[in-house]
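Listed here are the chains, written in short residue letters.
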Amino acid sequence: MAEGESITETSYGKLRGSVEGGVCVYRGIPFAAPPLGPLRFRPPERPAGWSGVRDATRFGPGSYQADRPLAPILGIVVPEQSEDCLTLNIWTPAAGDGGRRPVLVWVHGGAWVIGAGSETVYDGASLVRRGDVVVVTINYRLGPFGFLRAHELGDGLDSTGNEAMLDQVAALEWVRDEIAAFGGDPKNVAVFGESAGSVNIACLLTMPRARGLFQKAVLESGSLNHTRTPEAALGTTREILKQLDIAPEQAYRLRDVPARQLVSAQNAVAGRAVVPPFSPVTDGELIPARPFAAIASGSARGVPLIIGSNLEEMKLYRFLDPSIDSLDEAGLVERCSMLLLGTKLGGGPRGGKLAEVYRAQRVARGDDASPAETWLAISTDYLFRCGALKLAELQAAHTPDVFVYEFAWKGTTPGKPQGAIHALEVPFVFGTLEISEIGAIAGRTPSARALSASVQEAWLTFARTGRPRSASLPDWPCYAPPRRATLELGVHCRVLEAPREIERALCDELVG
């Protein structure tokens, strides 16, 4: 296909995209009305149509971004920010050709406070060229703009804290209704996402509003244990109000607070925490109050899954807490006890047991069992691995096509985060090692490129058939106890049988 422009027609009007390297790209397409003025903190509304041909060659603004020290490290650059952010982007081999290609819809991560579908690492061209698919990336409202709960304050500001989840539903409804014009099959949609995006997808699996909008799902490093209760969400809102010197009974004034001022309040409340206090709310209405129980009861029956985590997720965050490197045994036990306080097991002497079990298992395997490395392993499992495996086990009980991976490729680039860190798999999935900052962390070696090709092929065949396959990977068995087959993706790709089962069983008690 020659370089130039590509015009297609949707039910809203005509769009002019561009042809780049043989791929048709449409950017900044509105899937909902701008959530401005009285629509701030409200569910998304249907976008207006237009006359003539709308330019779709530039990305739309991202949602307002929080101040997060990880953003530049991961290459998260969103130069244009606005509340008018509800747009999506499409990469396709051809528009208007009557094709019925698998559709992959990416839900970005960023701890619900940073990120956008326009990030360089999410460029869909490589997936399109390799797999003859349609790739969509979306924006949704972040921080208080999308996750502010004021429902209980009774002052007319009735936001639930799940408005951003409704943004994602609206984007998927747009895909259902319009993607055929871009050569995609609306009946063969796979959602895939990482970190906060993966948590969002886990929530979509529980939501009646999302049922039927996608047929497959890939969840990378995020599960239902990162949702918030209504009480916790309301507590965050009270902190925001306090920062703005607004009384709770006057929360309606938040509609008129300048966006940048609201972002400043968000930054003050979120601080430097690894997991900021914004995420989907288990309100018992849009999202079940017990989301793991909803999965167990079959809320996502019939939806095949790929789900997994990275071997050393928490090493990305090491620089946020320099005291980790000087941690001693007493400090490790104290951290474990503090971690347990937030779970149904409580704190106390169990913190020592948790540290002892992990340390002993690491010694038995010949791994570094220092307090720092043991803590990083415990926190990785608690925040990322065990929630993923719990979701996999519950889904596999009634939908056998569940496939679990562990991403073990380790970044070793000098001056950059080391290890199989959080988010490192993303450029492998998109084939953007060469053009992304995370790709530089991974290392742009022949071995990395080969692994990327294998991962892309597996994700693409899953989107097409519901079963991940690659000629360069071993056969990937379904996940179910007691075998708990897990595909390790790294320098060597192999199927592991119930890896680190003692730690998994112990940490399983802490999530859900």
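Computed from a prediction, not measured in an experiment: that's the story for all the values here.

(A) Main features of the overall build of the protein chain. From N to C terminus, the protein chain includes 15 helices and 13 strands. Taking 2.2 N^0.38 as the reference for a compact globule, 512 residues should give roughly 24 Å; the C-alpha atoms of the protein chain span a radius of gyration of 22 Å, in line with that estimate. In terms of overall dimensions, the protein chain has a C-alpha envelope of 70 × 60 × 45 Å along the principal axes. Within the protein chain, the proportion of its 512 residues that are buried is 62%. Across the protein chain, the fraction of contacts at a sequence separation of at least 24, relative to all contacts at a separation of at least 6, is 73%. On the protein chain, roughly 18,600 Å² of surface is accessible, and the fraction owed to carbon and sulfur atoms is 52%. Taking the average location of the 52 positive side-chain charges in the protein chain and that of its 58 negative ones, the two points are 3 Å from each other.

(B) Main features of helix 10 (residues 350–365). Relative to the 22 Å expected for 16 residues at 1.5 Å per residue, helix 10 spans 23 Å between its end C-alpha atoms, a close match to the ideal helical length. Every buried residue belonging to helix 10 is among Gly 351, Leu 354, Ala 355, Val 357, Tyr 358 and Arg 362, and all of these are buried. For helix 10, the arc enclosing every buried residue in end-on projection is 160°, short of the 170-degree limit, so these residues lie on one face. Among the exposed residues of helix 10, those oriented more than 90 degrees off its buried face are Lys 353, Val 363 and Ala 364. Those residues of helix 10 that are buried lie in contact with helix 9 (329–341), helix 11 (371–396) and helix 15 (501–508). Following helix 10 by one or two positions, Gly 366 adopts a phi angle in the positive range, close to 80°.

(C) Structural view of the environment of Gln 361. Among the secondary structure elements, Gln 361 is positioned in helix 10. Taking C-alpha positions, Gln 361 is 10.0 Å from Glu 501, a pair spaced 140 residues apart along the chain.

(D) View of the packing of helix 6 (residues 230–243) against helix 7 (residues 259–270). Between helix 6 and helix 7, the least distance of the axes is 9 Å, while the angle of their chain directions is 120°. By the angle class used here, helix 6 and helix 7 are oblique. Where helix 6 crosses over helix 7, the two elements pack in a sense that is right-handed. The residues of helix 7 that touch helix 6, namely those facing Thr 236, Glu 239, Ile 240 and Gln 243, are Leu 262, Ala 265, Gln 266, Ala 268 and Val 269. Looking at side-chain class alone, the contact of helix 6 with helix 7 contains five nonpolar, three polar and one charged residues.

(E) Examining the nonpolar core more closely. Of all hydrophobic cores here, the largest spans 167 residues; its most connected members are Ile 90, Val 136, Phe 214, Leu 254 and Trp 459. Counting residues per element, this core draws most heavily on helix 11, which supplies 14 residues.

(F) View of the side chain of Asp 283. Within the element layout of this structure, Asp 283 appears in the loop between helix 7 and helix 8 (291–296). Buried Asp 283, no salt bridge; nearest opposite-charge side chain is Arg 149, N-O distance 4.5 Å. In terms of polar contacts, Asp 283 uses its side chain to reach the backbone amide nitrogen of Glu 285, at 2.9 Å. At 3.0 Å, the side chain of Asp 283 forms a polar contact with the backbone nitrogen of Leu 286.

(G) The arrangement of the pattern of salt bridges in detail. Evaluation of the coordinates by the stated rule reveals 31 salt bridges. The salt bridge involving Arg 484 is made with Glu 501; its shortest N-O contact spans 3.6 Å. In this pair, Arg 484 sits in the loop between helix 14 (446–465) and strand 12 (486–489) while Glu 501 sits in helix 15, placing the two residues 17 residues apart along the sequence. Of the residues examined, Glu 501 reaches a relative accessible area of 28% and is grouped as partly exposed. Sharing partners across several salt bridges, the network here consists of Glu 312, Lys 315, Arg 318, Asp 325, Glu 373 and Lys 410.

(H) Geometry of the packing of aromatic side chains. Enumeration according to the criterion identifies 15 aromatic pairs in this entry. Centroid distance Tyr 26 to Phe 182: 5.1 Å. Interplanar angle 80°. Geometry classified as edge-to-face. Placement of the pair is Tyr 26 in strand 3 (residues 23–30) and Phe 182 in the loop between helix 4 (163–178) and strand 8 (184–194), with a sequence separation of 156 residues. Exposure class is identical for Tyr 26 and Phe 182. Each is buried. Here the aromatic cluster, defined as three or more aromatic residues joined through ring pairs, consists of Trp 106, Tyr 122, Phe 192 and Phe 430. Positioned over the ring face of Phe 59 is Arg 27, at 4.9 Å from the centre of the ring.

(I) Geometry of helix 11. Over its 26 residues, helix 11 runs 35 Å from end to end, which matches the ideal 38 Å to within 8%, given 1.5 Å per residue. For helix 11, the principal kink sits at Asp 381 and spans about 50°. In terms of burial, helix 11 is a largely internal element, 24 of the 26 residues being buried.

(J) Summary view of unusual backbone geometry. Put simply, Pro 481 and Pro 482 share a cis peptide bond, and its omega is 0°. Unlike most non-glycine residues, Ala 111 shows phi in positive territory, near 60°. By the secondary structure assignment, Ala 111 is in the loop between strand 6 (101–107) and helix 2 (125–131). For Ala 423, which is not glycine, the phi dihedral falls at a positive 80°. Note that Ala 423 resides in the loop between strand 11 (402–407) and helix 12 (426–430). Residue classification places Ala 423 among the buried residues on the basis of a relative accessible area of 5%.

Reading the values: the criteria
- Residues numbered from 1 in each chain as written.
- Predicted model: local features only at pLDDT ≥ 70, side-chain atom pairs only at ≥ 80, totals over all residues.
- Heavy atoms only, no water.
- Helix = DSSP H or I, 4+ residues; strand = E, 2+ residues; numbered from the N terminus.
- Rg over C-alpha atoms; globule rule 2.2 N^0.38 Å.
- Buried < 20%, exposed > 50% of the residue type's maximum accessible area, 1.4 Å probe, protein only.
- Contact = heavy atoms within 4.5 Å.
- Areas by Shrake-Rupley, 256 points an atom, 1.4 Å probe, with all protein chains shown as cover.
- Lys, Arg positive; Asp, Glu negative; His and termini not counted.
- Charge placed at Lys NZ, Arg CZ, Asp CG, Glu CD.
- Expected span 1.5 Å × (residues − 1).
- Arc of directions from axis to C-beta.
- Axes fitted to C-alpha atoms, helices over the stretch in contact; angles between N-to-C directions.
- Parallel < 35°, antiparallel > 145°, perpendicular 65-115°, else oblique.
- Left-handed = near helix turned anticlockwise from the far one by under 90°.
- Nonpolar A, V, L, I, M, F, W, Y, C, P; charged D, E, K, R; others polar.
- Core = buried A, V, L, I, M, F, W, Y, C linked by side-chain atoms within 4.5 Å.
- Salt bridge = Lys/Arg side-chain N within 4 Å of Asp/Glu carboxyl O.
- Polar contact = N/O pair within 3.5 Å; in protein donor to acceptor, adjacent residues only side chain to side chain.
- Phe/Tyr/Trp six-rings, centres within 6.5 Å; stacked < 30°, edge-to-face > 60°.
- Lys NZ or Arg CZ within 6 Å of the ring centre and 35° of its normal.
- Bend = angle between axes of the 7 residues up to and from the residue.

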